[in-house]
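Below are the chains, spelled out letter by letter.
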Amino acid sequence: MNETLSPLADASAIEVKYPLSVKAVMIDLDGTLLDTASDLATAANMMLREVGRAELPPETIQSYIGKGVEKLVKRSLTASMDGEPEAELFDRAMPIYERDYAKTLCVDTRPYPGVLDGLGALRESGFRLACITNKAEAFTLPLLRATGLLEFFDLVLSGDTLPKKKPDPMPLLHACKQFNIEPGEMLLIGDSLNDAQAARAAGCHIFCVPYGYNEGRDVRELDCDAVVATLYEAAKLIRKSP
Ligand SMILES: O=C(O)COP(=O)(O)O
Ligand SMILES: [Mg+2]
């Protein structure tokens, strides 16, 4: 794996001045806004059962979250991070998983503590907000709607909205263009290496939350400007630039 990791990433080890001046904020979905791991694992295990494979522990499936639905299915079928299942098996499993996740979508899924307060505080401060996720659009919009979060966002970009997803900077740069601002005026709040790499490649600021998924790795390994306990804490570290 080709990863650039800083030895320490917390608010005391960075050069940026706080409060940080930005004009808009992008927020990741799985592991940052919503705790989706349980429902994703239930669907993955329903799919594994149906294609005749052994079920996996929920913690293992949680470590497979991050690079979108196809990668989650491939990882679950091979029980490994970089495994490639046979094409025939994958083609069979994919629609089963999509059907099952549509059923389990919002059974246990909840916003993390500080999310509703944080989104409220960000809106009150006048920030435009975008949700940038690798989750497929067919799941993103119903989930944001069901959890009451959709109304906070001016823009939602899912994993299949554009030709490329995180860690590619494309969705972040697209959001900057939509909001008519420079990448340096934008902050991304996320939970994983995909977010950190996309933000660095785009030239945006990046905060990470410690409670998410990060493909089984410690969030403190990430090259980010700050690790923030909650979205509400993140809102206190930024200021709306004119
Ligand atoms: O769907 C995924 O794999 C991850 O989605 P996220 O980008 O919202 O964390
Ligand atoms: Mg995430």
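Predicted, not measured: the structure shown is a model, and the values here were computed from it. Residue numbers here run from 1 along each chain, matching the order of that chain's written sequence. Written order determines the labels here, with chains lettered from A and ligands numbered from 1. With the structure being a predicted model, the display of local features is reserved for residues of pLDDT at least 70 and the display and counting of side-chain atom pairs for 80 or more, all residues being used for whole-chain, interface and lining totals. Computation of side-chain values covers all heavy atoms of the structure but excludes hydrogens and water.

1. Here's the deal with the UniProt feature "active site" (unreviewed entry) in the protein chain
Per the UniProt record, the feature "active site" (unreviewed entry) sits at Asp 28. When a residue's accessible area, from a 1.4 Å probe over protein chains only, is under 20% of the maximum for its type it is buried; when over 50% it is exposed; and in between it is partly exposed. On the basis of relative accessible area, Asp 28 is assigned to the buried category, the value being 5%. If we ignore the near neighbours within four places in the chain, the residues touching Asp 28 are Leu 33, Ile 132, Lys 166, Leu 188, Ile 189, Gly 190, Asp 191 and Asp 195. Polar contacts involving the side chain of Asp 28 include one to the side chain of Thr 32, which spans 2.8 Å. UniProt positions are given in the numbering used here, feature names are shortened, and annotations may be inferred rather than shown by experiment. Contact criterion: two residues are considered in contact whenever any of their non-hydrogen atoms come within 4.5 Å of each other. For this analysis, a polar contact is any N or O atom pair within 3.5 Å, provided that within protein one partner can donate a hydrogen and the other can accept it, and provided that sequence-adjacent residues contribute only side-chain to side-chain pairs.

2. Some thoughts on the pattern of salt bridges
Whenever Lys or Arg places a side-chain nitrogen within 4 Å of a carboxyl oxygen from Asp or Glu, that contact is recorded as a salt bridge. The tally for this structure, following the rule as stated, stands at 19 salt bridges. Note that Lys 67 is salt-bridged to Glu 215, the shortest N-O span being 2.9 Å. Of this pair, Lys 67 sits in the loop between α2 (58-62) and α3 (69-78) while Glu 215 sits in the loop between β8 (205-208) and β9 (226-227); the two residues are 148 residues apart in sequence, bridging distant segments of the chain. Since its relative accessible area comes to 27%, Lys 67 is described here as partly exposed. Between Asp 168 and Lys 164 there is a salt bridge, with its nearest N and O atoms 4.0 Å apart. Since its relative accessible area comes to 45%, Lys 164 is described here as partly exposed. Salt bridges here are not isolated pairs; linked through shared partners, they connect Glu 50, Arg 99, Asp 100 and Lys 103. Helix and strand labels come from DSSP, where a helix needs a run of H or I of at least four residues and a strand needs a run of E of at least two; each type is numbered from the N terminus.

3. Here's the deal with the coordination of the magnesium ion (ligand 2)
For Na, K and Ca the donor cutoff is 3.2 Å, while for all other metals N, O and S atoms count as donors only within 2.8 Å; water does not appear among the atoms, so some sites may look incomplete. Looking at the magnesium ion (ligand 2), the protein donor atoms are Asp 28 (OD), Asp 30 (O) and Asp 191 (OD), and they sit 2.1 to 2.2 Å from it. Within one chain, the residues donating to the magnesium ion (ligand 2) are spaced in sequence as D-x1-D-x160-D. Here the residue Asp 28 occupies a position in the loop between β2 (24-27) and β3 (34-35), and Asp 191 occupies one in the loop between β7 (186-190) and α8 (193-202), the gap between them amounting to 163 residues. Overall, Asp 191 belongs to the buried group, its relative accessible area being 3%.

4. Some thoughts on empty space enclosed by the protein
A water-sized probe rolled over the atoms picks out the places where empty space is left. Using protein atoms alone on a 1 Å grid, points that fit a 1.4 Å probe yet trap it form a cavity, whereas open point sets bounded by protein on both sides within 12 Å along at least five of seven lines form a pocket; residues with an atom within 4 Å of a point count as lining. Grid points are joined across faces, edges and corners, and a volume is the space filled by probe spheres set on the points. Taken as a whole and assessed by the stated rule, the structure comprises 1 cavity of 30 Å³ or more. Volume-wise, the largest cavity comes out at about 230 Å³. If you go around the largest cavity, you meet 23 residues; those closest to its centre are Asp 30, Ile 65, Gly 66, Gly 68 and Lys 135. Contributing elements (two or more residues each) for the lining of the largest cavity: α3, α4 (87-104) and α8. Polarity classes work like this: nonpolar for Ala, Val, Leu, Ile, Met, Phe, Trp, Tyr, Cys and Pro, charged for Asp, Glu, Lys and Arg, and polar for all others, with Gly in that last group. Across the lining of the largest cavity, the residue classes break down as 9 nonpolar, 7 polar and 7 charged.

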